[in-house]
Amino acid sequence: MKTKFLNKKFTCFYPIYILKRWKNERQADRANFLSEKQSQKVMERLAADMLFGYNGPQNVKAAVSLYKLLAEEGSHKSQTALGFLSSYGIGVEYNQAKAVVYYTFASVGGNLISQMIMGYRYWLGINVPKNCEAALTNYKEVAKFVANKLEKNEDIPVERVKLMERPENLSINEEFLDWDLHQYFRFLAERGNTRIQKAFYYFLKAANAGNAYGMAFVGKMYLKGSTVVTQSNITALKFFTMAADKNSTLNHQGLLIFQNYTEAFRYFQKAAEKGYDNAQFQLGVMYYGGLGVRRDFKLAFKYFYLAFENGHLLAVYYLAQMYAEGTGVFKSCQIAVEVIVDFRIVWFWGFSYI
């Protein structure tokens, strides 16, 4: 569709003109017109605008007509929209059977909203036979999508200390370094600022006074190397080890790296014993995959469950998987679904990313 055509002024006759134009172009050059994904996205957006009255007058009838044309072309968003409209009788006849058909096609097409809706319907038996396995199949697809998003974004499951926030229970040795100043030079060091020499001076001063954060950042600076600090893995590991022995929560905050699985396991175990959910989760992953330790699904389940109780989102996904497959625990479709639904991982994170 030409840009000039899309940029025309939106009037009350515009939706009808679009439908007629689109039908003609589709018949004349069907393969070329909808072969590009962008064309479909533009039309989906236009249908939504007409349905809700965005960027112009509301025209539900035209929106429904456009959604139907798009649905025929395999648009799962349009199928989901028609399922919603049919289930409430908006712009179309109230028909739950049609709604289920639309949602089902959209779900098979990979639409996350329809998968959540069908998962919920199968779980409670709403206009479909109650079927735990079917509910789990739909929920698992959404949970998998959410888990992948969480795994790619390290900031989500990890707690962070806010800039200028002073930690509680600072020791006497840590008090000498003003926390605001510490945060400021930490920022400079991570950004590679020209004042890195000054940052290194204060971090080293903090490290020599027994400050775990100072030790961690001196180690980090040795690991990366710069014009001020000569790169040295040995020196970096020395400071990392000192920092971890001083404060194992640094593992939880993602400040340390490990040379091997044995080192990682030791540090994660220290943090896990203090109740840090991310460390518990990492131990679960190590036991689940046999990373540096003998594979043990029961221990994996134990640590995933501990992390789950402490609110770790990814642990929920792994627990649901284990219950669904009967790995390290008795197989239970019902518990697998309940773990996902009750914790709201699918509903909260799923809608955030769709």
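Just so it is clear, the model here is predicted, and its values are computed rather than measured.

Student: Help me understand the overall build of the protein chain, please; the structure alone is not making it clear to me.
Tutor: Regarding its fold elements, the protein chain presents 21 helices and zero strands. Across the 354 residues in the protein chain, those meeting the buried criterion constitute 45%. Contacts spanning at least 24 positions in sequence make up 47% of the contacts within the protein chain whose residues lie at least 6 apart. Looking at the protein chain as shown, the accessible area adds up to about 19300 Å², and 52% of this sits on carbon and sulfur atoms.

Student: Explain the nonpolar core here, please?
Tutor: It is characteristic of soluble globular proteins that their nonpolar side chains tend to be buried jointly. By size, the foremost hydrophobic cluster in this structure holds 46 residues, and its most contacted members are F281, F304 and V337. Elements that contribute at least two residues to this core include exactly α8 (112–124), α9 (132–152), α16 (261–273), α17 (277–289), α18 (297–309), α19 (313–325) and α20 (333–343). In terms of residue count, α19 provides more of this core than any other element does, eleven residues in total. In this structure F281 touches Y303, F304, A307, H312, L314, A315 and Y318, once residues within four positions along its chain are discounted.

Student: What's the story with the packing of aromatic side chains in this structure? I'm lost.
Tutor: Geometry of an aromatic ring pair is reported as the spacing of the ring centres plus the angle between the planes. Per the counting criterion, the structure on display carries 18 aromatic pairs. Ring plane angle 85° and centroid distance 5.9 Å describe the contact between Y317 and Y318, whose orientation is recorded as edge-to-face. Taken individually, Y317 and Y318 each receive the classification buried, so the pair is uniform in this respect.

Student: Explanation requested: a nonpolar patch on the surface in the structure shown.
Tutor: A cluster of nonpolar residues, F84, Y88 and I90, forms a patch on the protein surface that exposes about 310 Å² of accessible area. Tracing the backbone through its elements, the reader meets F84 in helix α6 (residues 76–88). Judged by relative accessible area, which is 39%, F84 ranks as partly exposed.

Student: In this structure, what is going on with the state of the cysteines? I would like to understand it.
Tutor: As used in these notes, a disulfide is a covalent bond between sulfur atoms, one from each of two cysteines. One pass over the structure, following the stated rule, counts one disulfide. For C132, the disulfide goes to C333, at an S-S distance of 2.1 Å. Between C132 and C333 the sulfur-sulfur dihedral comes to about -110°; the bridge is accordingly left-handed. Here C333 lies in helix α20 and C132 lies in helix α9, a separation of 201 residues in the sequence. Looking at C132, the relative accessible area reads 24%, which means it is partly exposed. Judged by relative accessible area, C333 falls into the buried class, the value being 12%.

Student: Can you help me understand helix α7 (residues 96–108) in this one?
Tutor: A rise of 1.5 Å per residue sets the reference length of α7, with its 13 residues, at 18 Å; its end C-alpha atoms lie 18 Å apart and thus fit the reference within 8%. Of the residues making up α7, those classed as buried are Q96, A99, V100, Y103, A106 and S107. Mapping the buried residues of α7 onto a view down its axis gives an arc of 130°, with all of them on the same face. Away from its buried face by more than 90 degrees, α7 exposes A97, F105 and V108.

Student: What should I look at first to understand the pattern of salt bridges in this one?
Tutor: Note on pairing: side chains with opposite charge can pair once their charged atoms come close. One pass over the structure, following the stated rule, counts two salt bridges. D49 is the partner of R45 in a salt bridge, and the nearest nitrogen-oxygen pair spans 3.5 Å. Of the two residues, R45 and D49 both sit in helix α4 (residues 37–52), four residues apart, roughly one turn of that helix. Judged by relative accessible area, which is 7%, D49 ranks as buried. When the shortest N-O distance is used, the salt bridge between R294 and D296 registers 3.8 Å. Judged by relative accessible area, R294 falls into the exposed class, the value being 64%.

What counts and what doesn't
Residues numbered from 1 in each chain as written. Predicted model: local features only at pLDDT ≥ 70, side-chain atom pairs only at ≥ 80, totals over all residues. Heavy atoms only, no water. Helix = DSSP H or I, 4+ residues; strand = E, 2+ residues; numbered from the N terminus. Buried < 20%, exposed > 50% of the residue type's maximum accessible area, 1.4 Å probe, protein only. Contact = heavy atoms within 4.5 Å. Areas by Shrake-Rupley, 256 points an atom, 1.4 Å probe, with all protein chains shown as cover. Core = buried A, V, L, I, M, F, W, Y, C linked by side-chain atoms within 4.5 Å. Phe/Tyr/Trp six-rings, centres within 6.5 Å; stacked < 30°, edge-to-face > 60°. Patch = residues over 30% accessible without salt bridge, like charges linked within 9 Å, V, L, I, M, F, W, Y side chains within 5 Å. Salt bridge = Lys/Arg side-chain N within 4 Å of Asp/Glu carboxyl O. Disulfide = S-S within 2.5 Å. Expected span 1.5 Å × (residues − 1). Arc of directions from axis to C-beta.

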